[in-house]
Number of protein chains: 2
Amino acid sequence: MRYFLLVVLLFTNLVSEAQLTDEQFIRKIYDEALAKGQSYEMLEHLCTKIGPRLSGSPGAAAAVEWSRQVMQAYGFDSVWLQPVMVPIGTGQRNWPHCQFKKLGSETVNICALGGSVGTGAGGVLANVVEVKTWDELRQLGEKGVKGKIVFFNRPMDPKLIPMFSSYGGAVDQRANGASEAAKLGAIGVIVRSMGVNLEDYPHTGSLRYALNIPKIPAVAIATRHAEVLSELLKDDKDLKFYFETHCETLPDAPSFNVIGELKGTERSEEIIVVGGHLDSWDLGQGAHDDGAGCVQSIEVLRLFKALGYKPKRTIRAVMFMNEENGLRGGVEYANQAKLKNEKHIAAIESDRGGFTPRGFTVPTQATAREKVRSWKPLLEPYGLSDFSQEGGGADISPLAPQGVPLMGYLPDSQRYFNFHHTAEDTFDKVDKRELELGAAAMAAIIYLIDRYGLD
Amino acid sequence: MRYFLLVVLLFTNLVSEAQLTDEQFIRKIYDEALAKGQSYEMLEHLCTKIGPRLSGSPGAAAAVEWSRQVMQAYGFDSVWLQPVMVPIGTGQRNWPHCQFKKLGSETVNICALGGSVGTGAGGVLANVVEVKTWDELRQLGEKGVKGKIVFFNRPMDPKLIPMFSSYGGAVDQRANGASEAAKLGAIGVIVRSMGVNLEDYPHTGSLRYALNIPKIPAVAIATRHAEVLSELLKDDKDLKFYFETHCETLPDAPSFNVIGELKGTERSEEIIVVGGHLDSWDLGQGAHDDGAGCVQSIEVLRLFKALGYKPKRTIRAVMFMNEENGLRGGVEYANQAKLKNEKHIAAIESDRGGFTPRGFTVPTQATAREKVRSWKPLLEPYGLSDFSQEGGGADISPLAPQGVPLMGYLPDSQRYFNFHHTAEDTFDKVDKRELELGAAAMAAIIYLIDRYGLD
């Protein structure tokens with residue numbers, strides 16, 4: 001009797017799978033995601049019950065445990081924690097770190113950059129020199145910079161259409177401004193926030209201190225206040241600015257990547273990764289960056305289970321830890337993959353927010369790239385028409401040297417930098433359908449990769 | 001000296017225009033719209049200083065005068081008011097018309113449908129019968145419906161990708177529910193709001209009373225409360241619902257379409273219309289519906305002026321009056337065009353919200369349609385890739401019998417029905433860049449039509 005039932009079940013399964021075209025199965029993925037999706041409820045919990053998740057913080061630890069439990073409750077074949085050492089509290093630890101600072105009669109909203117040293121209780125009080133380019137900084141030289149605060153005020157270019165291009169044209173100031181200014185004797189740095197609109201809230205994000213250069217404190221200033229400061233400096237070259245931050249980087253501490261897996265039925269040794277990063281800055285709730293990517297990745301596996309889809313290859317949802325200020329999770333995942341001689345045939349990251357779909361970034365490998373592009377007709381009815389850019393995401397980038405084809409989910413970018421790295425990146429800024437469409441898009445592309453491979 | 005200057009200026013102008021390819025000129029349109037655009041500031045004024053603009057209301061009159069002044073201040077060649085008689089206060093006049101109604105222990109948020117008669121002070125108290133289809137209503141028949149309130153509870157289908165398809169599959173209940181129920185003797189109608197998510201606020205919108213059928217009062221109920229009501233009805237077939245509305249339709253009163261024009265330099269008799277509708281429901285601020293379309297239309301002409309572009313054809317920005325509950329402005333505009341024997345070579349409407357661009361709906365005329373589609377490579381870099389649907393917008397539809405090629409600006413539709421016809425349709429729900437990209441998109445397509453025509 002048991003045997004007979006098994007045969008019937010197997011046969012039913014084979015028939016139903018054989019009957020569905022790719023078009024039909026992708027339609028089923030979207031039906032499930034849009035009518036019975038669970039990504040939005042997951043994100044609500046992650047954002048409003050757990051909240052900010054800076055690496056090494058209690059929030060990050062809670063998010064690790066929560067995502068492990070969620071994936072176990074969904075009955076994925078395996079769920080485990082992958083240990084990784086992470087820096088604690090780089091730059092942002094001492095909440096509240098957003099401080100209103102007096103500037104003449106203006107009140108200015110700042111926040112420390114990630115990784116910055118703090119000023120300590122004495123703060124920094126000094127004259128301000130404004131620059132928009134590295135050339136301007138060099139021309140000022142030691143004479144013009146020494147003992148001063150350098151104010152990097154090159155705006156994101158509003159004329160560029162993809163907002164990541166606009167971000168890319170300004171973020172060098174945040175990343176390298178402190179060390180470049182310190183080389184010339186500056187004692188502090190103010191960076192115009194990486195936001196394209198005029199806003200009252202600052203954007204944090206990592207800086208990189210160069211080796212053997214004094215580490216000076218650096219803060220971001222809200223874009224509207226950057227305009228005010230620039231105006232004031234025109235009239236008053238002797239203007240002094242005061243800011244105070246209390247940041248420190250504590251010794252590394254243990255944390256985890258969280259991994260859930262559906263085991264492949266035919267080629268289980270071939271692994272497809274879908275992921276986002278579980279950590280966030282301690283401003284806001286890390287809703288778009290990158291709670292969205294995490295819950296979408298879990299949802300991909302849940303969708304397959306709900307639809308009774310048994311992947312040929314092994315599909316892993318990975319919640320990476322410490323993308324924002326270290327990338328330790330991404331690096332460790334790639335290390336372990338190499339150590340264990342795992343064969344990853346593709347990795348896809350969602351780390352551009354939970355916005356309405358535009359397409360995917362495609363692998364740099366020519367065969368894989370053209371194969372993905374050949375699927376465009378299947379995906380275009382769902383708003384996925386942009387397959388023009390190459391590349392993946394930060395967390396999966398350490399897999400590149402192993403030759404893994406990397407991709408990224410590409411949502412619309414217009415609103416992303418209203419929220420990115422700010423106190424405004426909260427659950428209520430995410431639209432339910434836009435989030436669900438992203439989860440379905442990733443499930444659709446992973447289904448195609450699972451069926452047809454990328455080689 | 002004067003003559004010499006004139007020649008130099010003319011020559012400069014000719015050279016600069018001749019030097020620019022279409023690609024370059026479209027790039028200039030976007031540069032101006034994104035770096036120095038004024039659509040967002042216009043919308044802020046229209047929404048927050050003027051507010052709701054129901055036909056015949058003081059708000060609508062203020063919006064007429066404001067948009068006239070704005071277009072005059074920009075120095076368009078002509079700006080005028082086109083008289084049109086509009087109904088006053090259909091369904092919505094007596095603010096506050098959103099009333100919380102007790103339903104057992106539940107408090108329910110309703111609003112009158114546009115055009116509905118009011119219940120008056122006595123309200124309507126009756127048993128409720130729920131239906132999801134017209135078949136279900138017919139099967140209930142007079143026996144099941146007479147003396148009762150009919151509750152139309154077919155949800156918008158979340159599985160459809162373009163939200164207007166989802167809306168189209170449910171809005172017949174709002175449009176025809178009252179008269180279909182009245183034919184069977186119902187004394188009131190509750191319609192599930194046209195929103196895809198579960199929300200606490202109701203959506204209004206027009207109904208149509210059939211001729212010679214008793215006019216019974218109709219209200220929309222928030223989607224979340226529709227679910228609650230449906231659950232309660234399962235346990236209690238004898239449940240009674242009470243609602244009270246005070247709506248009336250006053251005699252027609254004068255109002256206006258507001259028109260601004262740039263005169264064509266070569267074929268001034270050929271007219272291209274770009275427009276939106278100035279009226280809104282009296283819930284919210286009419287930000288996405290359709291303040292966005294109005295300010296984008298004004299911005300199109302402003303962009304051309306700012307760039308020194310002299311159109312060959314005459315380009316008109318038209319703020320139509322009374323789209324929501326009568327379409328009188330659209331009808332009158334088409335009447336006048338016919339009476340004056342005007343030659344409209346194209347009309348484009350923006351009435352799908354101020355969201356991130358997806359494309360355009362294209363004319364039904366084959367030559368015009370294919371011509372528009374041939375421009376796709378010029379527009380795709382700006383996120384305009386969907387040219388799949390045919391049709392225009394409500395206000396320009398009365399031009400169809402004159403053979404005018406009609407088009408619509410097509411923004412992303414995923415968030416539109418979170419706001420449509422609700423108190424949530426406010427300025428803060430519109431993203432600056434998304435709005436600006438729409439204005440630039442319309443300017444780009446009108447530039448191409450102006451240069452190359454559609455025949």
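Source: prediction; values computed, not measured.

Engineer: Would you take a moment to explain the overall build of chain A for this structure?
Structural biologist: The helix and strand tally for chain A stands at 14 helices and 14 strands. What you see for chain A is a C-alpha radius of gyration of 24 Å, in line with the 23 Å of a compact globule of 455 residues. Overall size of chain A, expressed as C-alpha extent along the three principal axes, is 90 × 40 × 40 Å. Each of the 455 residues in chain A was classed as buried or not, and the buried ones make up 54%. Of the contacts formed within chain A by residues at least 6 apart in sequence, a portion of 82% connects residues at least 24 apart.

Engineer: Can you walk me through the sheet that holds strand 13 (residues 357-361) of chain A in this structure?
Structural biologist: The pairing of strands in a sheet comes from backbone hydrogen bonds and takes either a parallel or an antiparallel form. Residue and element names in this part refer to chain A. Reading across from one edge, 1-9-11-10-12-14-13 is the order of the seven strands in this open sheet, with mixed pairing throughout. Strand pairing shows two members of the sheet lacking a second neighbour, strand 1 (78-88) and strand 13, which therefore form its edges. Each strand of the sheet is rotated relative to its neighbour by a mean of 20°, with strand direction disregarded. As paired elements, strand 9 (residues 250-262) and strand 11 (residues 313-320) share five bridges and run antiparallel to each other. Each bridged residue has a counterpart across the sheet, and for Ile 259 the counterpart in strand 11 is Val 318.

Engineer: What am I meant to see in the packing of helix 2 (residues 22-36) of chain B against helix 9 (residues 287-306) of chain B here?
Structural biologist: For any two helices packed against each other, the geometry comes down to the angle between their axes and how far apart the axes lie. Residue and element names in this part refer to chain B. Interaxial distance between helix 2 and helix 9 falls to 10 Å at its minimum, and their mutual angle equals 110°. With respect to helix 9, the axis of helix 2 lies roughly perpendicular. For the crossing formed where helix 2 meets helix 9, the hand is right-handed. Residues Ile 29, Glu 32 and Ala 33 of helix 2 pack against Glu 299, Leu 303 and Ala 306 of helix 9.

Engineer: Where do I start with the interface of chain B and chain A in this structure?
Structural biologist: Note on interface size: it is often stated as the accessible area lost on association of the parts. Counting from both sides, the interface comprises 21 residues of chain B and, opposite them, 22 residues of chain A. Every element with two or more residues in the side of chain B that touches chain A is listed here: helix 2 and helix 14 (432-452) of chain B. Among the elements that line the side of chain B that touches chain A, the one with the most residues is helix 2 of chain B, at four residues. For the side of chain B that touches chain A, the residue count by class is eight nonpolar, five polar and eight charged.

Engineer: Is there a simple way to explain the relation of the copies chain B and chain A in this structure?
Structural biologist: The second copy of the chain is related to the first by a rotation about an axis and a shift along the axis. For the pair chain B and chain A, the superposition axis carries a translation of 0.0 Å, the fit reaches an RMSD of 0.0 Å, and the rotation angle comes to 180°. Taken together, the turn and the small shift mark the pair as related by a two-fold rotation axis. When each C-alpha of chain B is compared by its distance to the rotation axis, Ser385(B) comes out closest, at 3.8 Å. The overlap is high: 100% of the interface residues of chain B also sit at the interface in chain A, so the same surface is used on both sides.

Engineer: Quick question: what am I supposed to make of the pairing of strand 6 (residues 188-192) of chain A here?
Structural biologist: Along any regular strand the residues' side chains alternate between the sheet's two faces. Residues and elements named next belong to chain A. Burial of strand 6 is extensive: five of the five residues sit out of reach of the surface. Burial of the side chains of strand 6 extends over both faces: Gly 188, Ile 190 and Arg 192 are buried on one face and Val 189 and Val 191 on the other. Looking at chain direction, strand 5 (residues 149-152) and strand 6 are connected through four bridges and run parallel. Of the residues in strand 6, the one forming a bridge with Phe 152 is Val 191. The pairing of strand 6 with strand 7 (residues 218-221) spans four bridges and is parallel. Paired with Val 189 across the strands is Ala 218, a residue of strand 7.

Engineer: For this particular structure, what's the right way to read helix 7 (residues 171-183) of chain A?
Structural biologist: Two residues of an α-helix separated by three or four positions point the same way, owing to the 3.6 residues in each turn. Residue and element names in this part refer to chain A. Over its 13 residues, helix 7 extends 19 Å from the first C-alpha to the last, a length consistent with the 18 Å expected when each residue adds 1.5 Å. Taken together, the buried positions of helix 7 are occupied by Gln 173, Arg 174, Gly 177, Ala 178, Ser 179, Glu 180, Ala 181 and Ala 182. The secondary structure elements touched by the buried residues of helix 7 are helix 5 (134-145), strand 5, strand 6 and strand 7. Of the residues flanking the end of helix 7, it is Gly 185, one or two places downstream, whose phi is positive at about 95°.

Engineer: When you look at the domain arrangement of chain A in this model, what are you seeing that I'm missing?
Structural biologist: Residue and element names in this part refer to chain A. Along its sequence, chain A is organised into domain 1 (20-86 + 251-452) and domain 2 (99-243). Here the C-alpha centroids of domain 1 and domain 2 sit 33 Å apart. Across the boundary between the two partners, domain 1 contributes 14 residues, which contact 17 residues of domain 2. Tallied by class, residues from the side of domain 1 that touches domain 2 come to five nonpolar, seven polar and two charged.

Engineer: Just checking my understanding: could you explain the nonpolar core for this structure?
Structural biologist: Soluble globular proteins tend to pack their nonpolar side chains together in the buried interior. Core analysis: the biggest nonpolar cluster contains 118 residues, and Leu43(A), Val189(A), Ala443(A) and Ile446(A) have the highest contact counts within it. At 13 residues, helix 14 (residues 432-452) of chain A tops the list of elements feeding residues into this core. Two domains each provide a minimum of three residues to this core, namely domain 1 (20-86 + 251-452) and domain 2 (99-243) of chain A. In contact with Leu43(A), other than residues within four places in its own chain, are Ala287(A), Gly291(A), Ala292(A), Val295(A), Phe427(A), Val430(A) and Leu435(A). Counting residues in each nonpolar core, the second largest holds 115 residues, with Ala218(B), Ala287(B), Leu406(B) and Ala443(B) among its members.

Engineer: How should I be thinking about the environment of Leu406(A) in this particular structure?
Structural biologist: Residue and element names in this part refer to chain A. By secondary structure assignment, the location of Leu 406 is in strand 14 (residues 406-411). As for Leu 406 and Asp 135, which are separated by 271 residues in sequence, their C-alpha atoms are 36 Å apart. The residues contacting Leu 406, other than those within four sequence positions of it, are Ala 347, Pro 363, Gly 391, Gly 392, Ile 396, Ser 397, Leu 399 and Ala 400.

Engineer: Just to check I follow, could you spell out the pairing of strand 4 (residues 124-131) of chain A for this structure?
Structural biologist: All names here are of chain A. In terms of strand pairing, strand 4 meets strand 8 (residues 240-243) through four bridges, oriented antiparallel. If you follow Leu 125 over to strand 8, its bridge partner there is Tyr 242. The sheet contact formed by strand 4 and strand 5 spans four bridges and is parallel. Within strand 5, the residue paired with Val 128 across the bridge is Ile 149.

Engineer: Just to check I follow, could you spell out the sheet that holds strand 1 (residues 78-88) of chain B for this structure?
Structural biologist: Residues and elements named next belong to chain B. In space, the seven strands of this open sheet follow the order 1-9-11-10-12-14-13, with mixed pairing throughout. If you trace the sheet from one side to the other, it starts and ends with strand 1 and strand 13 (357-361), each paired once. Mean inter-strand twist for the sheet, computed between neighbouring axes without regard to direction, equals 20°. Two elements, strand 10 (residues 267-277) and strand 12 (residues 343-349), share six bridges in a ladder whose sense is parallel. From the neighbouring strand, Ile 272 faces strand 12, where its bridge partner is Ala 346. With respect to the sheet, helix 4 (residues 58-73) is in contact with strand 1, strand 9 (250-262) and strand 11 (313-320), its orientation differing from that of strand 9 by roughly 15°. Along the sheet face, helix 9 touches strand 9, strand 10, strand 11 and strand 12 and points at about 150° away from the line of strand 10.

Engineer: Could you clarify how one ought to interpret the packing of helix 3 (residues 39-50) of chain A against helix 4 (residues 58-73) of chain A in this entry?
Structural biologist: Residues and elements named next belong to chain A. One way to put it is that helix 3 packs onto helix 4 with a least axis distance of 11 Å and a crossing angle of 155°. Regarding the angle of helix 3 to helix 4, the classification is roughly antiparallel. Helix 4 is crossed by helix 3, and the crossing has right-handed handedness. Seen from helix 3, the contacting residues are Met 42, Leu 46 and Ile 50; seen from helix 4, they are Gly 59, Ala 62, Ala 63, Trp 66 and Val 70. In terms of residue class, the contact of helix 3 with helix 4 is built from seven nonpolar, one polar and no charged.

Conventions adopted
Residues numbered from 1 in each chain as written. Chains lettered and ligands numbered in written order. Predicted model: local features only at pLDDT ≥ 70, side-chain atom pairs only at ≥ 80, totals over all residues. Helix = DSSP H or I, 4+ residues; strand = E, 2+ residues; numbered from the N terminus. Rg over C-alpha atoms; globule rule 2.2 N^0.38 Å. Buried ≥ 20, exposed ≤ 12 C-beta atoms within 10 Å, placed from the backbone. Contact = placed C-beta atoms within 7 Å. Pairing = 2+ DSSP bridges. Axes fitted to C-alpha atoms, helices over the stretch in contact; angles between N-to-C directions. Parallel < 35°, antiparallel > 145°, perpendicular 65-115°, else oblique. Left-handed = near helix turned anticlockwise from the far one by under 90°. Nonpolar A, V, L, I, M, F, W, Y, C, P; charged D, E, K, R; others polar. Least-squares fit on C-alpha atoms with pLDDT ≥ 70 in both. Expected span 1.5 Å × (residues − 1). Domains from an automatic or database assignment. Core = buried A, V, L, I, M, F, W, Y, C linked by C-beta atoms within 7 Å.

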